[in-house]
Amino acid sequence: MNLALIDIVALVFFVTVWVTYTQFARIRARSTYSLSHILRQLRIDWMRTLTRKEHQIADAALLGNVERTVTFFASSTVLVLAGVLTLLASADKVVEVLRSIPYTADTSPDKVQFKLAVLALMFVFAFFKFTWSIRQFGFVSVLMGAAPQYRSTDFDDEQREVFARQTAKVIDQAGHEYNNGLRAYYFALAFFCWFIHPYLFICSTAIVVLVLYRREYRSKVLRALLATKGWEPGPIKENGDSQ
């Protein structure tokens, strides 16, 4: 199999953009208000409230809803992966379908198999991220069960604060893994365009990054979430982060 130069450039661009944006989002969240930043603060508030409530039934239900959502994506990923692996054995038919689409770049069965193999690896990556997120949400369930009781005198305010922050940190890590899995789905949609044409692949990759950036830093829901704290989109204020 010999990939054309434009195909190699498109694949390198795709991988570079994915990795770079992941690191960029992680670093920028430390200095700029984003969905991940405000959610981290709200999770701390949630756990603070939990340690001062007599019953945690509603909190357990909320956590269960989130965990079921992640489980749904993990299960769906297995089904998608099975479909991709099935297509690997039918590369010739896939080539026939692609050649019937106007403006499709010239392709061959071995190239299709290579692209499908890469696509399968992406969904394997997503599956591991989703399942690790599920496990971490399970850890949160244990922590919530061991939370300081409302009437307990064995925990002072400082201990309750430490517990709230550390539990929120576990929830935050679970949320990040879930987000990484979803991000793999977004980039997989861009990857599908490679089957049509490498130029379309490059454009779709750029569009996915723009969509992710806008939702993380410029969306209406971000503005609404920040408003609950009296914050506005932009650089994090020194007195605006409740560390």
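Located above this text is the structure these notes cover.
The model shown is predicted, which means the values in this text are computed figures rather than measured ones.

> In this structure, what is going on with helix α1 (residues 5-28)? I would like to understand it.
Residues spaced three or four apart along an α-helix face the same direction, because each turn holds 3.6 residues. Between its first and last C-alpha atoms α1 spans 33 Å; for 24 residues at 1.5 Å apiece the expected length is 34 Å, and the two agree. Within α1, the full set of buried residues consists of Asp7, Ala10, Leu11, Phe14, Val17, Trp18, Tyr21, Thr22 and Ala25. As for α1, its buried residues are in contact with α5 (109-145), α6 (157-192) and α7 (198-217).

> Can you walk me through the layout of surface pockets in this structure?
Which parts of space are left empty comes out when a probe the size of a water molecule is rolled across the atoms. Approximately 1,300 Å³ is the volume found for the largest pocket. Contributing elements (two or more residues each) for the lining of the largest pocket: α1, α2 (35-50), α3 (57-88), α6 and α7. Counting residues per element, the lining of the largest pocket draws most heavily on α6, which supplies 16 residues. Looking at the lining of the largest pocket residue by residue, the classes come out as 19 nonpolar, nine polar and 12 charged.

> What is the right way to read the packing of aromatic side chains from this model?
Each aromatic ring pair is specified by the distance between its two centres and by the angle formed by the two planes. For the structure shown, the criterion picks out 26 aromatic pairs. Ring geometry for Phe24 and Tyr213: centres 6.2 Å apart, planes at 35°, overall tilted. Taken together, the residues span a long stretch of sequence, with Phe24 in helix α1 and Tyr213 in helix α7 at a distance of 189 residues. According to the relative accessible area criterion, Phe24 is partly exposed, its value standing at 34%. What makes Tyr213 partly exposed here is its relative accessible area of 24%. Taken together, Phe14, Trp18, Phe114, Phe125, Phe187, Phe191, Phe192, Trp194, Phe195 and Phe201 form an aromatic cluster joined through their ring pairs. When the ring centre of Tyr217 is taken as origin, the NZ or CZ atom of Arg28, which lies over that ring, is 5.3 Å away. Just above the ring of Phe195 sits the side chain of Lys115; from NZ or CZ to the centre is 5.9 Å.

> Any chance you could explain the pattern of salt bridges here in plain terms?
Side chains bearing opposite charge may pair, as long as their charged atoms lie close to each other. Tallied over the full model, the rule gives seven salt bridges. Here Lys229 ties to Asp45 by a salt bridge, and the two come within 2.4 Å at their closest N and O atoms. Highlighted residues: Lys229 in the segment after α8 (220-227) and Asp45 in helix α2, separated in sequence by 184 residues. The class of Lys229 is partly exposed, set by a relative accessible area of 26%. The exposure class assigned to Asp45 is partly exposed, which follows from its relative accessible area of 22%. We note a salt bridge from Glu161 to Arg165, for which the minimum N-O separation is 2.9 Å. Of this pair, Glu161 and Arg165 are both found in helix α6, four residues apart, which corresponds to roughly one turn of the helix. Classification of Glu161 as partly exposed rests on a relative accessible area of 22%. Bridged by salt links that share partners, the residues Asp45, Arg48, Glu161, Arg165 and Lys229 form one connected network.

Parameters at a glance
- Residues numbered from 1 in each chain as written.
- Predicted model: local features only at pLDDT ≥ 70, side-chain atom pairs only at ≥ 80, totals over all residues.
- Heavy atoms only, no water.
- Helix = DSSP H or I, 4+ residues; strand = E, 2+ residues; numbered from the N terminus.
- Expected span 1.5 Å × (residues − 1).
- Buried < 20%, exposed > 50% of the residue type's maximum accessible area, 1.4 Å probe, protein only.
- Contact = heavy atoms within 4.5 Å.
- 1 Å grid on protein atoms, 1.4 Å probe; cavity = no way out; pocket = protein on both sides within 12 Å on 5 of 7 lines; lining within 4 Å.
- Points joined across faces, edges and corners; volume = space filled by probe spheres on them.
- Nonpolar A, V, L, I, M, F, W, Y, C, P; charged D, E, K, R; others polar.
- Phe/Tyr/Trp six-rings, centres within 6.5 Å; stacked < 30°, edge-to-face > 60°.
- Lys NZ or Arg CZ within 6 Å of the ring centre and 35° of its normal.
- Salt bridge = Lys/Arg side-chain N within 4 Å of Asp/Glu carboxyl O.

This is a description of form; function is not addressed.
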